[in-house]
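Coordinate inspection notes
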Amino acid sequence: MISRSLGPEFGGAVGLCLYLGTTFAGSLYILGTIEILLIYIVPTATVLKEDNSETMKNNMRIYGTCCLLLMALVVFVGVKYVNKLALVFLSCVVLSIMATYAGVIKNLIVPSSDFSVCLLGNRSLKNEMFKECAKTDVELWKLFCDSHHANASCDEDFKSNNLTEIPAIPGLQIEVLKENLWGTYGPAHMVIEKKNWTHEPAKVNEDKLKNYVFNDFATYFTLLVGIYFPSVTGIMAGSNRSGDLRDAQRSIPIGTILAILTTSFIYISFVVLFGAFIEGVVLRDKFGLSLKKIPVISILAWPSPWVIVIGSFFSCSGAGLQSLTGAPRLLQAIARDSIIPFLQVFGHGKANGEPTWALLLTVVICEIGVLIASLDAVAPILSMFFLMCYLFVNLACAVQTLLCTPNWRPRFKFYHWSLSFIGMSLCLSLMFVCSWYYALVVIVIAGCIYKYIEYKGAVKEWGDGIRGLSLNAARYALIRLEEVPLHTKNWRPQLLVLCKLNSDLEVKHPRLLSFTTQLKAGKGLTIVCSVLEGTYMTRGDDAKKGEQNLKKVMAAEKTKAFCHVVVSSSLRDGFSVLIQSAGLGGMKHNAVLMAWPADWKQTQDSSARKNFIETVRETTSAHQALLVAKNIDHFPGNQERLKEGNIDVWWIVHDGGLLMLLPFLLSQHKVWRKCKMRIFTVAQMDDNSIQMKKDLQMFLYHLRLDAVVEVVEMHASDISAFTYEKTLVMEQRSQMLKQMQLSRTEREREIQSITDVSRGSIKRKNCSGDDAPHPHSRCIPEDKAQLIHDRNTASHSAANDKAAGSTADRVHMTWTKDKLLNERNKHKETMAVKDMFNMKPEWENLSQSNVRRMHTAVKLNEVVVKKSRDSQLVLLNMPGPPKNKKGDENYMQFLEVLMEGLDRVLLVRGGGREVITIYS
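Here's a quick rundown of the structure. (Residues numbered from 1 in each chain as written. Predicted model: local features only at pLDDT ≥ 70, side-chain atom pairs only at ≥ 80, totals over all residues. Heavy atoms only, no water.)

Topic: the packing of aromatic side chains
The condition that has to hold: Note on ring pairs: Phe, Tyr and Trp rings are taken, using the six-membered ring of Trp, and paired if centres are within 6.5 Å. Classes follow the plane angle, with under 30 degrees stacked, over 60 edge-to-face and the rest tilted. Note on conventions: DSSP H or I runs of at least 4 residues are helices, E runs of at least 2 residues are strands, and numbering of each starts at the N terminus. Three labels apply to residues, based on accessible area from a 1.4 Å probe with only protein chains included: buried if under 20% of the type maximum, exposed if over 50%, partly exposed otherwise in between. We call a charge positioned above a ring when the Lys NZ or Arg CZ atom is no farther than 6 Å from the ring centre and deviates by at most 35 degrees from the ring normal.
Enumeration over the complete set of coordinates arrives at 18 aromatic pairs. Residues Trp141 and Phe158 carry aromatic rings whose centres are separated by 5.9 Å and whose planes lie at 80 degrees to one another, so their mutual orientation is edge-to-face. Taken as a pair, Trp141 in helix α5 (residues 138–144) and Phe158 in helix α6 (residues 156–160) lie far apart in primary sequence, 17 residues in all. Comparing Trp141 with Phe158 shows no difference in burial state: the two are buried. Ring geometry for Phe144 versus Phe158: centroids 4.8 Å apart, planes at 5 degrees, classification stacked. Pair noted here: Phe144 is in helix α5 and Phe158 is in helix α6, with a separation of 14 residues, a long-range link. Overall, the relative accessible area of 1% leaves Phe144 in the buried class. Through a chain of ring-to-ring contacts, the aromatic side chains of Trp141, Phe144, Phe158 and Tyr212 assemble into a single cluster. Sitting over the ring of Tyr212, Arg123 keeps its end group 5.8 Å from the ring centre. Stacked on the ring of Phe158, the Lys or Arg Lys135 has its end atom at 5.0 Å from the ring centre.

Here's the deal with helix α15 (residues 417–434)
As a reminder of what qualifies: In this analysis, the expected span of each helix is defined as 1.5 Å times one less than the number of residues it contains. For this quantity, the arc is that covered by the directions from the helix axis to the C-beta atoms. Residue contacts follow a heavy-atom distance rule, with two residues in contact if any of their heavy atoms lie within 4.5 Å.
With 18 residues, α15 extends 26 Å between its outermost C-alpha atoms, agreeing within 8% with the 26 Å of an ideal straight helix rising 1.5 Å per residue. Among the residues of α15, Ser420, Gly423, Met424, Cys427, Met431 and Cys434 are the ones counted as buried. Buried residues of α15, seen end-on, are gathered within an arc of 110 degrees and therefore sit on one face of the element. Along its buried surface, α15 packs onto α8 (221–228), α14 (375–402) and α16 (436–456).

Observations concerning unusual backbone geometry
For residues other than glycine, phi is negative in most cases, and the peptide bonds are mostly trans. In this model, Trp302 is joined to Pro303 through a cis peptide bond whose omega is 15 degrees. Within the secondary structure layout, Pro303 lies in the loop between α11 (280–283) and α12 (306–336). Of note, the phi angle at Asn631 is positive, near 55 degrees, even though the residue is not glycine. Looking at the element boundaries, Asn631 is found in the loop between β8 (625–630) and β9 (646–651).

With respect to the packing of α8 against α15
Each pair of packed helices gets described by two things: the angle between the helix axes and the distance between those axes. Applicable threshold: Only the contacting stretch of a helix is used when fitting its axis, a line to C-alpha atoms as for every element, and angles between N-to-C directions run 0 to 180 degrees. Gly falls in the polar group here, along with every residue not listed as nonpolar (Ala, Val, Leu, Ile, Met, Phe, Trp, Tyr, Cys, Pro) or charged (Asp, Glu, Lys, Arg).
Contact pair α8 / α15: the axes reach a minimum separation of 8 Å and the direction vectors enclose 115 degrees. Together, Thr222, Leu223, Val225 and Gly226 of α8 and Leu430, Val433 and Cys434 of α15 make up the contact between the two elements. When the residues that make up the contact of α8 with α15 are grouped by side-chain class, the tally is five nonpolar, two polar and no charged.

Here's the deal with the nonpolar core
Heads up, the condition is: The nonpolar core is taken to be a set of buried Ala, Val, Leu, Ile, Met, Phe, Trp, Tyr and Cys residues, with the residues joined through side-chain atoms within 4.5 Å.
Core analysis: the biggest nonpolar cluster contains 70 residues, and Ile30, Ile340 and Leu343 have the highest contact counts within it. Counting residues per element, the ones that place at least two in this core are α2 (8–41), α3 (53–77), α4 (79–109), α12, α13 (356–372), α14, α15 and α16. It is α14 that provides the largest number of residues to this core, a total of 17 residues. For Leu343, the contacting residues outside a window of four places in its chain are Leu16, Leu331, Ile334 and Ala335. Core analysis: the next-biggest nonpolar cluster, separate from the first, contains 54 residues, Leu513, Leu550, Trp651 and Val709 among them.

And the structure:
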């Protein structure tokens, strides 16, 4: 029932607890049977004759083991014999109850004088060794004196106090009820005394204490609750036999309620009647030692105490047989559910379905309880397991009611979820009230079983209420996320990972998922997506197969993420839809992770280049961060450990702190834990590098980031002839292709010829000195060849901020403010369209902005390679894409040059908001 309501994990854990509880109940009933046999029925049948508690325990172990084997043999031969004996055992229980009530009526009319208690002062004496409660009795005199003579040396306590004989059942008296109304607890080996009676204090010899009745162990309320609770565990018997009922839905509620009412009435009435009719010293006499070893409850029964003794013996025997019958079947049912793999062997049995192997395990576990040989020690263990079961039964009902699960349609209408909640709370409280350490042990056992089933994965899945509870909690949390905007201190990269599948629908770059795991460490949202070209109706199966392959790689790389494969008419449209719509409510991605398209030059068409640049444009428009990993297949796997090295951050443009946050997140993973973080920032010769370094170090100190800071100074005009010529060739080729609508093969042929002409005609000229400039060229001034390469980044981010209603200072430059203003105020030169036959490498036909960009890429790459060639990872600012799509190829070439000579590179483009703060 719990498996179907709360899931197989809870069901398996609680089912095993119930099985262990039922098994230990068998131990409890067997020990009760042997205790009645050896103390009350045949006291002389003990194997070991010494009169002490340890010898008694050994006798119970011997007889208990024999009784257990005998009962197991009966159950193994056939459960039908147990069912036939059940009626006999039930008759004994009913007869015992009726005899007790009959004795109450009889003593109400005429109090019994057959049983009396002998008190020395106010202390109760064992009366099995003497006949008369008087100091003239020879046997009693010998117990406290060294001889039978009148002048013998006697115990001081015996001489100082008088002997008094009182009836054990004085009849119905209010004084007796008042005396017994409140608890009388005490430590172990405390002599039982009658309240409100005086006792002359005197020294008692240690060897004479055996003549008194005393507590065999310390008593207190919580312990007695744990011992008493197994008495009420039979009310679930109807539910356990629901398969044998004709109409379980109708019979179980009625039967269970009647069982609770009947049991409660009998138990409460017995407690009140015992307290009103029997003396307190007798009630606290556990084994009836003051009544010549007669059970206390027996003296109240009519017509004879033996009715209770024999009835109790057969009742315990029958209950033990029922436990040995029910526990193996419970274990067999759990094993056949296939939710706990190592228990599957216990699902087999004889040809008629009898659980042979389960019975064998039950006998072994039951023997453990028998070897404890103490009812008081076994009872709390039994209580824990049953309380755990009842707790989850109540939890199942409460959860199903609160979630309004459609399949939760109880026929019993007089029910409210608060009753189940109260019952669950009482069960949990009783567990710790009875024994807090036993409760912790049982909870740990149930937790280990739960995690084992969850780790192995349950074969069966019936649906569970916990999943419904998780769904409601997730829905509530998602709604709450949208109500309050995300604060910077709570920002973390929520990744949309764009994976590519090859023709066999296998993941092209598995290390992309490894890097995702290292960056996220299982925290936050991760969505792994891929796109297939075509229509869903023709490639639906391919999408499912691709999703399965993605999940396999995710499991291998330990990536905790959601996975989805979509089918679209084009890759571009598919990735666009994912960027716009992935996620749900407040749980949406804020960053996109993808691999650098290394084959964008080799492809027959420009689709790879277009897809990449359009992705950059869309993430920028959506205010999402973009992470592009170059040589992703060279990144370390999750099993690798980088023992040394650096993670270098080249901080050119302040993008909200994402460049600084990413290395910190990586350093939390064991792969990158031993790598050190270095931050490089670029300054020109006229900047105050010392002050810039101090400011940056102070900034990192407030951010609580441990990193080495280095300021790199560069000359804007320090450009080699090779760099200058290469830049002009790139610009001339771009201009030519704009004016010539040629095929691909014709373009390749014409590009080579134009390049050769350019190299022969274009010379690098120095603007200073005696060399005169070429009549058709202009030198690039220093302020135009400076290292600033991302003018579009600043302008585009400012435009986005303005559209979003925020201030325009979210993107901060690392250079001076004057240079930023000069850079923004530069005019773009228009390119005149020339006749294709009059193409000449004139400066007027070149885009000076792109020339500066290429200069920047080459020079910055030289510095980065020089400083970070041996670094484990290099993080670079990613410049914004050109607004004009005709410059896409130049943009890709610019990024290639920027990353040339570096093995592992992560290009980072911020989402236009601050992601790191100095405040906790």
